[in-house]
Amino acid sequence: MNWASLQGLLSGVNKYSTALGRIWLSVVFIFRVLVFVVAAEDVWDDEQKDFVCNTKQPGCPNVCYDEFFPVSHVRLWALQLILVTCPSLLVVMHVAYREERERRHRLKHGPNAPSLYDNPSKKRGGLWWTYLLSLIFKAAVDSGFLYTFHRLYQGHYDMPRVVACSQPPCPHTVDCYISRPTEKRVFTYFMVATAVICILLNLSEVAYLVGKRCLEIVGPRRHRSRRRSRLHDSCPPYALSQGDHPQDGNSVLMKASSAEVDAGGYP
């Protein structure tokens, strides 16, 4: 599998991500992809060849291996890494779609036409939703694979050296030996821990984006309401009825202040 091409495709995501998103990309490529390519594949390279059982019954080692390893760890992790990185490509594709739409708009209406977007890569409107949904999908994929891993290998996180197998066509309960169990145990815990860290980073980024958006919506409204309250407190709406009271200095000052308020207007 060509992981370098995948890294090249996702390198463009870095400039559209937040600070938490850049940390997530670093964790994925340094602690997951590189560790998987450099070390994990070699550790599991001999898993079936060196899975030895103390019997010469044909087919017994294969059945016992399938019982203990229903899905290979490396293949499960490869599928997980592919699915968890694909949503980031949607953000790049959405930005490319915006830039192409802006280019066609310029060609149709001229270079001086008003822009469709202030900044095509700015997370507003549909791009904000695309980015948010990609974060949720990535967290869901990692969570789903962790649950699947737990269901498939429940009780086997410690990677024991010897396992007992009594599946047919084994003539009786036989002992099977796993090659390099300590290395496999270390890499198993490492990959699970990095997946949990990526889930926490995704959820933290979701909370950051939603909280920032709420502040952008609520902040101006709160500012306008405070400004209105200050204007009402400083300029109470006094009014004099015509014909009842003569105009004096105070009434002139009151009308002048009300005229200033009307001229300034309310936000």
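Note that the structure is predicted; figures quoted are calculated from it, not measured. (Residues numbered from 1 in each chain as written. Predicted model: local features only at pLDDT ≥ 70, side-chain atom pairs only at ≥ 80, totals over all residues. Heavy atoms only, no water.)

Here we look at the UniProt feature "transmembrane region" (unreviewed entry) in the chain
Piece 1. In the numbering used here, UniProt assigns the feature "transmembrane region" (unreviewed entry) to residues 21-40, 77-97, 128-149 and 187-211.
Piece 2. Helix and strand shares over residues 77-97 are 100% and 0% respectively, and the end C-alpha atoms of the span are 31 Å apart.
Piece 3. This span, residues 128-149, is 100% helix and 0% strand, and a straight line between its end C-alpha atoms measures 32 Å. (UniProt positions renumbered as here; feature names shortened; annotations may be inferred. Helix = DSSP H or I, 4+ residues; strand = E, 2+ residues; numbered from the N terminus.)

Focus on the state of the cysteines
Piece 1. Going through the model one piece at a time under the given rule, you end up with three disulfides.
Piece 2. There is a disulfide in this structure between Cys-60 and Cys-170, and the S-S distance comes to 1.8 Å. A torsion of 100 degrees about the S-S bond marks the disulfide between Cys-60 and Cys-170 as right-handed. Placement of Cys-60 in helix H3 (residues 60-68) and of Cys-170 in the loop between strand S2 (162-165) and strand S3 (174-177) is noted, with a sequence separation of 110 residues between them. Residue Cys-60 shares its accessibility class with Cys-170, and that shared class is buried.
Piece 3. Each disulfide pairs two cysteine sulfurs, and for Cys-64 the partner residue is Cys-165, the sulfurs being separated by 2.1 Å. With the S-S dihedral at roughly -90 degrees, the linkage between Cys-64 and Cys-165 falls on the left-handed side. (Disulfide = S-S within 2.5 Å. Buried < 20%, exposed > 50% of the residue type's maximum accessible area, 1.4 Å probe, protein only.)

Remarks on helix H4 (residues 73-109)
Piece 1. The terminal C-alpha atoms of H4 lie 55 Å apart, and with 37 residues this matches the ideal 54 Å at 1.5 Å per residue to within 8%.
Piece 2. Among the residues trailing H4, Gly-110 stands out with phi positive, at a value near 95 degrees. (Expected span 1.5 Å × (residues − 1).)

Notes on the packing of helix H2 (residues 19-43) against H4
Piece 1. In the contact formed by H2 and H4, the axes pass within 12 Å of each other and the chain directions differ by 155 degrees. One element, H2, and the other, H4, form an angle in the roughly antiparallel class. Classified by chirality, the crossing of H4 by H2 is left-handed. Facing H2, whose interface residues are Trp-24, Val-28, Arg-32, Val-33, Phe-36, Ala-40 and Glu-41, H4 presents Val-74, Trp-77, Ala-78, Gln-80, Leu-81, Val-84, Thr-85 and Ser-88.
Piece 2. Across the contact of H2 with H4, the residue classes tally to 10 nonpolar, three polar and two charged. (Axes fitted to C-alpha atoms, helices over the stretch in contact; angles between N-to-C directions. Parallel < 35°, antiparallel > 145°, perpendicular 65-115°, else oblique. Left-handed = near helix turned anticlockwise from the far one by under 90°. Contact = heavy atoms within 4.5 Å. Nonpolar A, V, L, I, M, F, W, Y, C, P; charged D, E, K, R; others polar.)

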